[in-house]
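Report on the structure
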Amino acid sequence: MANKQKLIYAALALSLALNLFFIGAAANYAMKWRGFTNDVGWVDERLSRAEERIIRHLDGADKELARRVFKQRRPELLGALAELRAARKAFRASLSVPEPDPQDITAALNRSQAAAQKLNENLHGALRDMGSGLSPEARAKIADHMQRRHRDRD
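Residues numbered from 1 in each chain as written. Predicted model: local features only at pLDDT ≥ 70, side-chain atom pairs only at ≥ 80, totals over all residues. Heavy atoms only, no water.

Let us now look at the pattern of salt bridges. One pass over the full model with this rule turns up six salt bridges. Here Arg73 ties to Glu76 by a salt bridge, and the two come within 3.8 Å at their closest N and O atoms. A residue pair is termed a helical-turn pair when its members lie 3 or 4 positions apart in one helix, as Arg73 and Glu76 do in helix H3 (residues 60–96) at three residues. With a relative accessible area of 14%, Arg73 lands in the buried category. With a closest N to O distance of 2.7 Å, Arg111 and Glu83 form a salt bridge. Linking Arg111 in helix H4 (residues 102–133) with Glu83 in helix H3, this pair joins segments that are 28 residues apart in sequence. Residues joined by salt bridges that share partners form a network here, namely Arg73, Glu76 and Asp129. (Salt bridge = Lys/Arg side-chain N within 4 Å of Asp/Glu carboxyl O. Helix = DSSP H or I, 4+ residues; strand = E, 2+ residues; numbered from the N terminus. Buried < 20%, exposed > 50% of the residue type's maximum accessible area, 1.4 Å probe, protein only.)

This is the structure:
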């Protein structure tokens, strides 16, 4: 009888653990889904991760310079990323109608191209501002990291 009781308790504990795991996973994905529906949040998070990937390789004054440049460029970068996503959404919408209008498709593609160009200019401007102010050691550290990371792609 004691064996059966231990087996029942073990099964109940396992069931409880599995239920908590699945409830936690569902809550995690629900929060992620909520973030995807809010474009600005998703874009801001993506930009913050890119910023941290660059900043973690820097020290002292170089780190502060990079933070200052990103802080200064962040509104322009966020706007450009949001515009790019909106333009691509408009392109998908122009294709999803029963009879697509070539002018709508062309306008959406032109908008997407302009947004990508604006994003590219702002990103390269931030990198240029950072690169021109970084110490030679910091530039060498970043170059070394990039070379090691992209060696297999060349």
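Let's pick the thread back up.
Here we come to the packing of aromatic side chains. Counting across every chain of the model gives one aromatic pair. Between the aromatic rings of Phe21 and Phe22, the centroid separation amounts to 5.4 Å while the plane-to-plane angle is 70°, which identifies the pairing as edge-to-face. Neither Phe21 nor Phe22 differs from the other in exposure class; each is exposed. (Phe/Tyr/Trp six-rings, centres within 6.5 Å; stacked < 30°, edge-to-face > 60°.)

Here we come to H4. The terminal C-alpha atoms of H4, which comprises 32 residues, lie 46 Å apart, in line with the 46 Å expected from a rise of 1.5 Å per residue. What H4 keeps buried is the set Ile105, Ala108, Ser112, Ala115, Leu119, Asn122, Gly125, Ala126 and Met130. (Expected span 1.5 Å × (residues − 1).)

In terms of nonpolar packing, the biggest core is built from 10 residues, these being Ile55, Leu58, Leu65, Ala66, Val69, Phe70, Ala126, Met130, Leu134 and Ala138. Of all the secondary structure elements, the ones that give two or more residues to this core are H3 and H4. Of the residues forming this core, the biggest block, four residues, is contributed by H3. Setting aside its immediate chain neighbours within four residues, Leu65 contacts Met130, Gly133 and Leu134. Counting seven residues, the second-largest nonpolar core is a separate cluster that includes Leu47, Leu77, Ala80 and Ala115. (Core = buried A, V, L, I, M, F, W, Y, C linked by side-chain atoms within 4.5 Å. Contact = heavy atoms within 4.5 Å.)

This brings us to the side chain of Ser94. Checked against the element boundaries, Ser94 lands in helix H3. Assessed through its relative accessible area of 8%, Ser94 is described here as buried. A distance of 2.7 Å separates the side chain of Ser94 from the backbone oxygen of Phe91, its partner in a polar contact. Excluding anything up to four places from it in sequence, Ser94 contacts Pro100, Asp104, Ile105 and Ala108. (Polar contact = N/O pair within 3.5 Å; in protein donor to acceptor, adjacent residues only side chain to side chain.)

Okay, H3 next. For H3, built from 37 residues, the straight-helix expectation of 54 Å at 1.5 Å per residue is met to within 8% by its first-to-last C-alpha distance of 51 Å. The largest bend along H3 measures about 50° and falls at Arg73, with the proline Pro75 one to four residues further on. (Bend = angle between axes of the 7 residues up to and from the residue.)

Okay, a positive patch on the surface next. A cluster of basic residues, Arg46, Arg49, Arg53 and Arg56, forms a positive patch on the protein surface. Assignment of secondary structure puts Arg53 in helix H2 (residues 39–55). Classification of Arg53 as partly exposed rests on a relative accessible area of 42%. (Patch = residues over 30% accessible without salt bridge, like charges linked within 9 Å, V, L, I, M, F, W, Y side chains within 5 Å. Areas by Shrake-Rupley, 256 points an atom, 1.4 Å probe, with all protein chains shown as cover. Lys, Arg positive; Asp, Glu negative; His and termini not counted. Charge placed at Lys NZ, Arg CZ, Asp CG, Glu CD.)

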